[in-house]
Amino acid sequence: MDNTLYIVVPCYNEEEVLPETSRRLRAKLEQLMAAGKISRKSRVLYVNDGSKDRTWKLISRLHEACPLFCGVDLTRNRGHQNALLAGLMTAKDRADMVISMDADLQDDVDAVDAMVDKFLEGVDIVYGVRSSRKRDTFFKRTTAEGFYRVMNAMGAETVFNHADYRLMSRRALEGLAQFKEVNLFLRGIVPMIGYRTDTVEYERGERFAGESKYPLKKMLSFAMEGITSLSVKPLRMITGLGFLIFLVSLVMIVYNIVRWAMGATVTGWASLACSIWLIGGLILLSLGVVGEYIGKIYLEAKGRPRFLIRQVLEDGHGQKEG
Ligand code: UDP
Ligand code: MG
């Protein structure tokens, strides 16, 4: 192992920020190489996610001008998560550690040093975590923090205040490669891989130039995607609700019969009211049961690995690093 680092950067219409991003990433790689922390084979890998502007032209030009830059060009826009995965899987066979980062310099490039140090100490996954959201507007801060809370409550466990700025070792990426699911929510999957993990705090800045490719609409669908691709909790909630309504219906039936016995009802009301409650509760409960099975089918269809092996100790064969 010679500590080759790849920095993977998904880019969608990022012509405005690429020159500056490249300048900073190149300086960072050269600094780390000079310090002997990473090998000379380390690279920046840009993934062009079907940009409509000159992004790919810029990446090609950067590659020609300096061997530190390489690129992957997707056939069309596939979204941030898929672009990132394409980059990670391309870098996996070439690097010992891979850092994923946004193109817009919101992720502090200087946090790379701390991530690499942790990797050298033997950590496999290092999460970049925002130390504060002081610079965000009140709206962005509350919606973003609400996003994490709702996600966690819905059973989609993610690292608080961590976006996709993280370091992963080669073996962690090999673990990730075993998750074959198409509806991919990287932030939720990575914690499932295991191994030694740690966090590095950084201050998230403003976008360097251009505008966000994640408007509120995309963010909401991203949250929905996160919940529905990680957890079957919403289905389970139907079962809970069905059970609750069923219990209420039992109480209501007793109440209706008592009211009827007291003669305080019009003809037909008691039987009608009882049926409505009972049928409603039973329908919801049945839906919940169906949901439980659908949840199982769903998880089976994902074909996730049931375990990943870190190490095997064997007599005679010595130890095998996983
Ligand atoms: N991005 C991408 N494909 C898309 C949308 C975004 O590759 O369809 C990239 C984008 O170029 C950037 C990163 O994903 O490097 C994060 O996007 P952005 O900074 O616009 O999101 P925000 O920081 O506003 O949430
Ligand atoms: Mg951004």
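See the structure printed just above.
Residue positions are given per chain, counted from 1 along the sequence in the order it is written. Think of it this way: whatever chain is written first is A, whatever ligand is written first is 1, and the rest follow in order. For a predicted model such as this one, the threshold for reporting local features is a pLDDT of at least 70, and the threshold for listing and counting side-chain atom pairs is 80 or more; totals across whole chains, interfaces and linings nevertheless cover every residue. The basis for every side-chain value is the complete set of heavy atoms in the structure, and neither hydrogens nor water enter the calculation.

This brings us to the side chain of E14. Among the structural elements, E14 can be located in the loop between β1 (5-11) and α1 (18-34). Accessibility expressed as a relative area gives 6% for E14, which makes it buried. In this structure, E14 is in contact with D53, T55, A103, R207 and K213, ignoring residues within four places of it in sequence. We count a stretch as a helix when DSSP gives it H or I for four or more residues in a row; a strand needs E for two or more, and each element gets its number in order from the N terminus. Exposed residues in this analysis have more than 50% of their type's maximum accessible area, buried residues have under 20%, and partly exposed residues fall in between, with area computed by a 1.4 Å probe over protein chains only. In what follows, residue pairs with any heavy atoms lying within 4.5 Å of each other are defined as contacts.

On to the coordination of the magnesium ion (ligand 2). We call an atom a donor if it is N, O or S and sits within 2.8 Å of the metal, or 3.2 Å for Na, K and Ca. Water is not counted, so some sites may look partial. The protein atoms that coordinate the magnesium ion (ligand 2) are D104 (OD) and Q106 (OE1), at distances of 1.8 to 1.9 Å. Judged by relative accessible area, Q106 falls into the buried class, the value being 18%.

Aromatic pairing here means that ring centres of Phe, Tyr or Trp (its six-membered ring) are within 6.5 Å. Orientation follows from the plane angle: under 30 degrees is stacked, over 60 is edge-to-face, and everything else is tilted. This structure, assessed with the given rule, holds four aromatic pairs. Ring centres 5.1 Å apart and planes at 90° place the aromatic pair Y165 and Y202 in the edge-to-face group. Taken together, the residues Y165 in strand β6 (residues 162-169) and Y202 in strand β7 (residues 197-202) connect sequence positions 37 residues apart. Like Y165, the residue Y202 is buried in the burial classification.

Successive residues of a regular strand alternate their side chains across the two faces of the sheet. Burial runs high along β1: seven of the seven residues are buried. By the alternation rule, side chains of β1 split into L5, I7, V9 and C11 and Y6, V8 and P10, which are all buried. Two strands are said to pair when DSSP picks up at least two bridges between them. As paired elements, β1 and strand β4 (residues 97-100) share four bridges and run parallel to each other. Bridge pairing links V8 to S100 in β4. Pairing of β1 with strand β2 (residues 43-48) involves six bridges; the strand directions are parallel.

In this section: the nonpolar core. Throughout, nonpolar core names a set of buried Ala, Val, Leu, Ile, Met, Phe, Trp, Tyr and Cys residues whose side chains join them through atoms within 4.5 Å. Counting residues in hydrophobic clusters, the biggest one holds 37 residues, and the most contacted among them are V8, L88, V98, M168 and L176. Ignoring sequence-local partners within four residues, the contact set of L176 consists of L85, L88, M89, M168, L186, I189 and I193. L25, I38, I59 and F119 belong to the second largest nonpolar core, which has 36 residues in total.

So, about the sheet that holds β7. Sheet strands line up and pair through hydrogen bonds in the backbone, either parallel or antiparallel. An order of β3-β2-β1-β4-β6-β5-β7 is seen for the seven strands of this open sheet, with the pairing classed as mixed. With partners counted over all chains shown, the strands left at the sheet margins are β3 (69-73) and β7, one partner each. The mean inter-strand angle of the sheet, taken between neighbouring strand axes irrespective of direction, is 25°. Helix α4 (residues 111-120) rests against β1, β4, β5 (125-130), β6 and β7 of the sheet, and its axis sits at about 40° to β6. Each axis is a line fitted through C-alpha atoms, and for a helix only the stretch in contact is used; angles between axes span 0 to 180 degrees, taken between their N-to-C directions.

The subject of this paragraph is the site of ligand 1. It suffices for a single heavy atom of a residue to lie within 4 Å of a molecule or strand for the residue to be listed as near it. Residues in close proximity to ligand 1 total 18 residues, the closest being E14, D49, D104, S212 and K213. Counting of polar contacts relies on pairs of N or O atoms within 3.5 Å, with two restrictions inside protein: one atom must be capable of donating a hydrogen and the other of accepting it, and residues adjacent in sequence are counted only when both atoms are side-chain atoms. For ligand 1, an oxygen atom lies 2.9 Å from a polar atom in the backbone of Y12. For ligand 1, whose accessible area on its own is 540 Å², the fraction buried by protein is 93%. Gly counts as polar in this scheme, as do all residues outside two lists: the nonpolar Ala, Val, Leu, Ile, Met, Phe, Trp, Tyr, Cys and Pro, and the charged Asp, Glu, Lys and Arg. Looking at the shell around ligand 1 residue by residue, the classes come out as five nonpolar, five polar and eight charged. To be clear on the numbers: accessible area is Shrake-Rupley with a 1.4 Å probe, and residue cover counts the displayed protein chains and nothing else.

What follows concerns the packing of helix α9 (residues 233-261) against helix α10 (residues 269-302). Relative orientation of the contacting elements α9 and α10 amounts to 165°, with a least axis distance of 8 Å. Compared by their axis directions, α9 and α10 come out roughly antiparallel. As α9 packs across α10, the resulting crossing turns out to be left-handed. Broken down by class, the residue content of the contact of α9 with α10 amounts to 21 nonpolar, nine polar and three charged. Note on terminology: angles under 35 degrees are roughly parallel, angles over 145 are roughly antiparallel, angles of 65 to 115 are roughly perpendicular, and the others are oblique. By convention the crossing between two helices is left-handed if the near helix lies anticlockwise of the far one by an angle smaller than a right angle, and right-handed if it lies clockwise.

The next thing to look at is helix α8 (residues 216-230). Residue pairs three or four apart in sequence face the same way in an α-helix, which turns once every 3.6 residues. Counted at 1.5 Å a residue, the expected span for α8 with its 15 residues is 21 Å, and the 21 Å between its end C-alpha atoms agrees. Listed in full, the buried residues belonging to α8 are M219, F222, A223, G226, I227, S229 and L230. Those residues of α8 that are buried lie in contact with α3 (80-92), α5 (138-153), α7 (186-193), α9 and α10. The span one expects for a helix is its residue count, reduced by one, times 1.5 Å.

All right, on to the pattern of salt bridges then. When a carboxyl oxygen of Asp or Glu is within 4 Å of a side-chain nitrogen of Lys or Arg, the pair counts as a salt bridge. In total, this model carries 18 salt bridges according to the counting rule given. A salt bridge links R187 to D164, with the shortest nitrogen-to-oxygen separation between them at 3.3 Å. Of this pair, R187 sits in helix α7 while D164 sits in strand β6, placing them 23 residues apart in sequence. One exposure class covers both R187 and D164, and it is buried. Between E181 and R304 there is a salt bridge, with its nearest N and O atoms 2.7 Å apart.

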